[in-house]
Amino acid sequence: MVNCLEMSGGDLSVDLSTLGLDRRRRDDQEMEDEEEAPTHLNTINSSGGFLVVSTDKLSLQYTNVNLHGHDVGVVQGNCPAPTRRLVYYFEIYVKNAGAKGQIAIGYTNEHFKMRRQPGWEANSYGYHGDDGLLYRGQGKGECFGPTFTSGDTIGGGINYASQEFFFTKNGKLVGTVYKDVKGPLFPTIAVHSQNEEVNVNFGQQPFVFDVEAFATEERLKQQMVIEKIPLPLKVSHWIIRSYLQHYGYQDTLDLFDLASVSALPTAPATHENGFCDQGDSYALSHRKILRQFIRSGDIDSAFNKLREWYPHIVQNETSTICFLLHCQKFIELVQLHCVNRIFNKQNGDMEEAVRYGRVELVKFLEVPSSTSLLEDCIALLAYEEPLKSPVGYLLDKKQREVVADAVNTMVLLTDPALEDPQRRTQSHLEKLLKQLTACCLEKRALSRDQGEAFHLHKVLQKRKGVKP
Amino acid sequence: MSLFWIVLGQPGGLEEMATSKKLITREEWEKKLSDVKIRKEDMNKLVMDFLVMEGYVEAAEKFRVESGTEPDIDLATITDRMAAKKAVQCGNVEDAIEKVNDFNPEILDTNPQLFFHLQQQRLIELIRDGKVEEALEFAQEELAPRGEENQSFLEELERTVALLAFEDVSNCPVGDLLDMSQRLKTASEVDAAILASQSHEKDPKLPSLLKMLIWAQSQLDEKAAYPRINNLSTATLEDPRDL
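Identification of chain B as CTLH domain-containing protein from Stephania cephalantha is taken from an unreviewed UniProt entry.

If you look chain A up in an unreviewed UniProt entry, it shows as Ran-binding protein 10 from Stephania yunnanensis.

Below, the structure is given as structure tokens:
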């Protein structure tokens, strides 16, 4: 116990930012994946004089009569194709194939000369309507797909997983070609003979090609490879078990063990593969009881038990853990007021909550790290119906879970056998999921930001047969 | 149209072929890890999913109370599903069929392959019990007509009946049908079919995520040397070898 008493001077604390407290302002990680995508044609950097772009910047027409090789009317999207995804895709509709039907769709980079067909220059790619060939800066086109003309819808996409471009005609895949160019790529359309007219769809209209199904299939291919990877025997079982131990879900753990033993009459699962059964069972029953009190809203009892079992955790009155518990007590009082109001309007004043706040929460006004939660707590007082207010999230049971987790962590940190406190605050499951997320993010960062990231939250939202 | 330009292009990115792997130190990696936020409620969901899918009914029930995590499936149905699965595992195929039908009669109606495999399992159990007469009768009356509908069913039926031709089934080429693994295979088909009828995925998510971790690490290996987790059960970071 010497070890933890030493730490109780101030080091023994939980980091507020790791608790997932700020549920009101979250989802930042998923937001990171949002990037600018082309919405219209770039009218500034286009081969003006040969073509006219409509005022909505979503269609173009070749207006020139002359037809010289340098008189191609080319226009790019207003920004490069976004990369932080599995697939980027856009479509054109050939409204009029004009005199010669020399329409092309493809991708070009920022250095592209706006007087050429996509594919004629290096680092550009184009599927051409008049001959159905694919051009990729090699001097001549390659056999690729059918020609296209008036009434056809043609799509051009980038598959970041396979590093390929793909093209479609009237909703059907035409073919793919390896993308051996790096850096930003602009969706590009070219017209080259009189009266050629094309509408562009950057996703403002539903696509003719089912690009979602295409992406799903691509994910499935990846998934099939992944599913073939072997796992050590019972490793999932072990990770679940250590999770239950870590968070002090002791009753679940006991039932889980009981069912595991009857399902696996051989040796206890926990001792296979050299898994050791020590460590996280530290203070398990204490942690369970503390969690139960907090989950039932009985903060006073949790405080009392902490004072009895682990006095050093709560001895510093302005510690983070005390702050969290006091906030929760305050929240429970507001909760009580809400309940009272429903059953008996006379009893519906917030006096007790206000009194508690004045005594216990005021102390934390000076603690910078506590401001956000404190403000939200106090804001509860401002609303006639706190539950429906923007800070109503505090009254949710999930808030109790957050506090219970913090207390659980604090108790784990008092383990005298503790070697690395940093590691102890996280369950195995959390460490593994963080590693998975970090690996996926890093791989993307080292692949010029191309491809999907991994978000546990999104994986969990997906249900069979339901599009995310 | 033919292209009449001479293009002096270079395929992009040649200069990058020679670049070596990036080295990420433990300190840098730990910073990245700490930037990753995993929601507690998502982890709880993952645990609940595992308990539900693997049939830990009581534990799932208790976990709902202890953690406040709502299962995405009616917990009562797990018991029924596990009972049907277990019946196959113990060789009580008739019992299993009845349980599946009690659960939802449409499952077998709309899934001829599952129904055939259950009947096949029933035949296997008859042969195992040495009930030769009964087995033959069952094969001819119940299974053969189904085989006519589907060539692959017929082949499987023939393979199964072949068990009768051997005195010592433990040494015959189709002896694997009598293995426990055959029961488990049929049982997991039952499991998957019931889950599918509840429009639920058929596998727990956690093992897939663990596989994905192994895969993601090997993908990143191609581009960088970084602290890896080599032992999933300890989740310990190990320093990159190149350090």
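There is more to say after this.
1. Structural notes on the overall build of chain B
Scanning chain B from terminus to terminus reveals 11 helices and 4 strands. Expressed as a percentage of its 243 residues, the buried residues of chain B come to 46%. Long-range contacts, defined here as pairs at least 24 residues apart, represent 54% of the contacts in chain B between residues at least 6 apart.

2. Description of the overall build of chain A
Counting its regular elements, chain A contains 15 helices and 12 strands. Within chain A, the fraction of its 468 residues that count as buried is 53%. In the form shown here, chain A has an accessible surface area of approximately 21200 Å², with 52% of it arising from carbon and sulfur atoms.

3. Observations regarding the sheet that holds strand E3 (residues 73-76) of chain A
Whether parallel or antiparallel, the strands of a sheet pair through hydrogen bonds between backbone atoms. Pairing within the open sheet is antiparallel, and its 5 strands lie in the order E3-E11-E5-E6-E7 (chain A). Only two strands of the sheet have a single neighbouring strand rather than two, namely E3 and strand E7 (134-135) of chain A.

4. Some points on the packing of helix H4 (residues 235-246) of chain A against helix H14 (residues 428-445) of chain A
Residues and elements named next belong to chain A. In contact at an axis separation of 8 Å, H4 and H14 are set at 120 degrees when each is read in the N-to-C sense. By the criterion of interaxial angle, the relationship of H4 to H14 is oblique. Every residue of H14 that contacts H4 at Trp-238, Ile-239, Ser-242 and Tyr-243 is listed here: His-428, Leu-429 and Leu-432. Grouping the amino acids of the contact of H4 with H14 by side-chain chemistry returns 5 nonpolar, 2 polar and no charged.

5. Side note on the sheet that holds strand E1 (residues 51-53) of chain A
Residue and element names in this part refer to chain A. Here we have 7 strands laid out as an open sheet, ordered E1-E2-E12-E4-E8-E9-E10, and antiparallel in their pairing. Unpaired on one side and paired on the other, E1 and strand E10 (172-178) mark the two borders of the sheet. Within this sheet the neighbouring strands show an average axis-to-axis angle of 20 degrees, counted without direction. Here strand E8 (residues 153-159) runs beside strand E9 (residues 164-169); their pairing, made up of 6 bridges, is antiparallel. Note that in E9 the partner of Ile-158 across the bridge is Phe-165. Contacting strand E4 (87-96), E8, E9 and E10, helix H3 (residues 211-227) crosses the sheet at an angle of about 150 degrees to E4.

6. Some points on the pairing of strand E12 (residues 197-201) of chain A
Residue and element names in this part refer to chain A. In terms of burial, E12 is a largely internal element, 4 of the 5 residues being buried. The pairing of strand E2 (residues 59-62) with E12 spans 3 bridges and is classified as antiparallel. Bridge pairing links Gln-61 to Glu-197 in E12. Sheet analysis places E4 next to E12, joined by 5 bridges and oriented antiparallel. Its bridge partner lying in E12, Glu-91 is registered against Asn-201.

7. Remarks on unusual backbone geometry
Here the phi dihedral of A:Arg448 falls at roughly 55 degrees; this positive angle occurs in a residue that is not glycine. In this structure, A:Arg448 sits in the loop between H14 and helix H15 (456-461). Taking relative accessible area as the criterion, A:Arg448 reaches 38% and is therefore assigned partly exposed. Backbone geometry places B:Ala235, a non-glycine residue, at a positive phi of 55 degrees. Turning to its location among the elements, B:Ala235 is positioned in the loop between strand E3 (228-229) and strand E4 (237-238). According to the relative accessible area criterion, B:Ala235 is buried, its value standing at 2%.

8. Regarding the pattern of salt bridges
Residue and element names in this part refer to chain B. In the structure shown here, the tally under the stated rule is 44 salt bridges over all chains. The shortest N-O distance in the salt bridge between Arg-26 and Glu-30 comes to 3.5 Å. Within this pair, Arg-26 and its partner Glu-30 are both found in helix H1 (residues 26-35), separated by 4 residues, close to a single helical turn. Exposure remark for Glu-30: the relative accessible area of 38% places this residue in the partly exposed category. We note a salt bridge from Arg-64 to Glu-61, for which the minimum N-O separation is 3.2 Å. Of the two residues, Arg-64 and Glu-61 both sit in helix H3 (residues 57-67), 3 residues apart, roughly one turn of that helix.

9. What about the nonpolar core?
Grouped together as the largest cluster of nonpolar side chains are 60 residues, with contacts concentrated most on A:Leu429, B:Trp29 and B:Leu51. The residues contacting A:Leu429, other than those within four sequence positions of it, are A:Ile239, A:Tyr243, B:Met43, B:Leu46, B:Val47 and B:Leu206. Grouped together as the second largest cluster of nonpolar side chains are 43 residues, A:Phe303, A:Cys322, A:Leu373 and A:Leu394 included.

10. As for the packing of aromatic side chains
By the definition in use, this model includes 22 aromatic pairs over all chains. Ring geometry for A:Tyr89 versus A:Phe166: centroids 5.7 Å apart, planes at 5 degrees, classification stacked. In this pair, A:Tyr89 sits in strand E4 while A:Phe166 sits in strand E9, placing the two residues 77 residues apart along the sequence. Exposure class is identical for A:Tyr89 and A:Phe166. Each is buried. Pairing A:Phe166 with A:Phe209 gives two aromatic rings, centres 6.1 Å apart and planes at 50 degrees, and the pair type is tilted. You can see A:Phe166 sitting in strand E9 and its partner A:Phe209 sitting in the loop between E12 and H3, a full 43 residues away along the chain. The exposure classification of A:Phe166 matches that of A:Phe209, with both residues buried. Here a set of aromatic residues connected by ring pairs shows up, and it is made of A:Tyr89, A:Phe166, A:Phe207, A:Phe209 and A:Phe214. A cation sits over an aromatic face here: B:Lys40 above A:Tyr247, 4.1 Å from the ring centre.

11. A few points about the confidence of the model for chain A
Residues and elements named next belong to chain A. Chain-level statistics for chain A give a pLDDT mean of 84 and a share of 84% at 70 or above. Here helix H1 (residues 2-7) stands out as the least confident element of chain A, with mean pLDDT 33; E8 is the most confident, with 97. Confidence drops under a pLDDT of 50 for residues 1-11, and excluding neighbours within four residues, the segment shows 10 contacts in the predicted structure. This model gives residues 265-278 a pLDDT under 50, and the stretch forms 21 contacts once residues within four places in sequence are excluded.

12. Some words on the interface of chain B and chain A
With 75 residues of chain B in contact, the opposing surface of chain A contributes 83 residues. For the pair chain B and chain A, the summed buried surface comes to about 7100 Å²; carbon and sulfur atoms form 65% of the total. Take the side of chain B that touches chain A: its biggest share by element is 15 residues, from helix H11 (residues 205-221) of chain B. Its residues assigned to classes, the side of chain B that touches chain A shows 38 nonpolar, 18 polar and 19 charged.

13. Some words on helix H10 (residues 180-197) of chain B
Given 3.6 residues per helical turn, the α-helix brings residues three or four places apart onto the same face. Residue and element names in this part refer to chain B. In this model, H10 (18 residues) spans 26 Å end to end at C-alpha, consistent with the 26 Å of a helix rising 1.5 Å per residue. All buried positions along H10 are accounted for by Gln-182, Arg-183, Thr-186, Ala-187, Val-190, Asp-191, Ala-192, Ala-193, Ile-194 and Leu-195. Here the buried face of H10 lies against helix H2 (40-53), helix H4 (75-89), helix H5 (93-103), helix H6 (106-109) and helix H7 (112-128). Just downstream of H10 lies Ser-199, where phi reads positive at about 40 degrees.

14. Examining a negative patch on the surface
On the surface, B:Asp129, B:Glu133, B:Glu134, B:Glu137, B:Glu141 and B:Glu142 cluster together into a patch of negative charge. With respect to the secondary-structure elements, B:Glu142 resides in helix H8 (residues 132-149).

Rules used throughout
- All residue numbers here refer to positions counted from 1 along the written sequence of the relevant chain.
- Numbering of ligands from 1 and lettering of chains from A proceed in the order in which they are written.
- Side-chain atom pairs in this predicted model are given and counted only at pLDDT of 80 or more, local residue features only at pLDDT of at least 70, and totals for whole chains, interfaces and linings cover all residues.
- Side-chain descriptors were evaluated using all non-hydrogen atoms of the structure, hydrogens and water having been removed beforehand.
- Only DSSP runs of H or I reaching four residues or more are called helices, and only runs of E reaching two or more are called strands; each is numbered from the N terminus.
- Exposure categories follow from relative accessible area, calculated using a 1.4 Å probe and restricted to protein chains: below 20% of the type maximum is buried, above 50% is exposed, and the middle band is partly exposed.
- In what follows, residue pairs with any heavy atoms lying within 4.5 Å of each other are defined as contacts.
- The Shrake-Rupley method, run with a 1.4 Å probe, gives the accessible areas here. Residue values count only the displayed protein chains as cover.
- Any two strands with at least two DSSP-identified bridges between them are counted as paired.
- Axis lines are fitted to C-alpha atoms, over the contacting stretch for helices. Their N-to-C directions set the angle, which ranges from 0 to 180 degrees.
- Geometric relationships in this document are graded by angle, where less than 35 degrees denotes roughly parallel, more than 145 denotes roughly antiparallel, 65 to 115 denotes roughly perpendicular, and other angles denote oblique.
- Under this grouping Gly is polar, as are all residues other than the nonpolar Ala, Val, Leu, Ile, Met, Phe, Trp, Tyr, Cys and Pro and the charged Asp, Glu, Lys and Arg.
- Each salt bridge in this description consists of a side-chain nitrogen of Lys or Arg and a carboxyl oxygen of Asp or Glu lying within 4 Å of one another.
- Think of a nonpolar core as a cluster: buried Ala, Val, Leu, Ile, Met, Phe, Trp, Tyr and Cys residues, connected wherever their side-chain atoms sit within 4.5 Å.
- Side-chain rings of Phe, Tyr and Trp, where Trp is taken by its six-membered ring, are said to pair if the distance between their centres is within 6.5 Å; with planes under 30 degrees apart they count as stacked, over 60 as edge-to-face, and otherwise as tilted.
- In this scheme, the term charge over a ring applies when either NZ of a lysine or CZ of an arginine sits within 6 Å of the ring centre and within 35 degrees of the ring normal.
- pLDDT is defined as a per-residue confidence score from the predictor, taking values between 0 and 100.
- Note on terms: buried area is the combined drop in 1.4 Å-probe accessible area of two parts once they are placed together, counting the loss on both.
- To estimate the expected span of a helix, subtract one from its residue number and multiply by 1.5 Å.
- Put simply, a patch holds well-exposed residues, over 30% relative accessible area, that have no salt bridge, with like charges counted together within 9 Å and Val, Leu, Ile, Met, Phe, Trp or Tyr side chains within 5 Å.
- Think of it this way: Lys and Arg go in the positive column, Asp and Glu in the negative one, and His and the chain ends go nowhere.
- We put the charge of a Lys on NZ, of an Arg on CZ, of an Asp on CG and of a Glu on CD.

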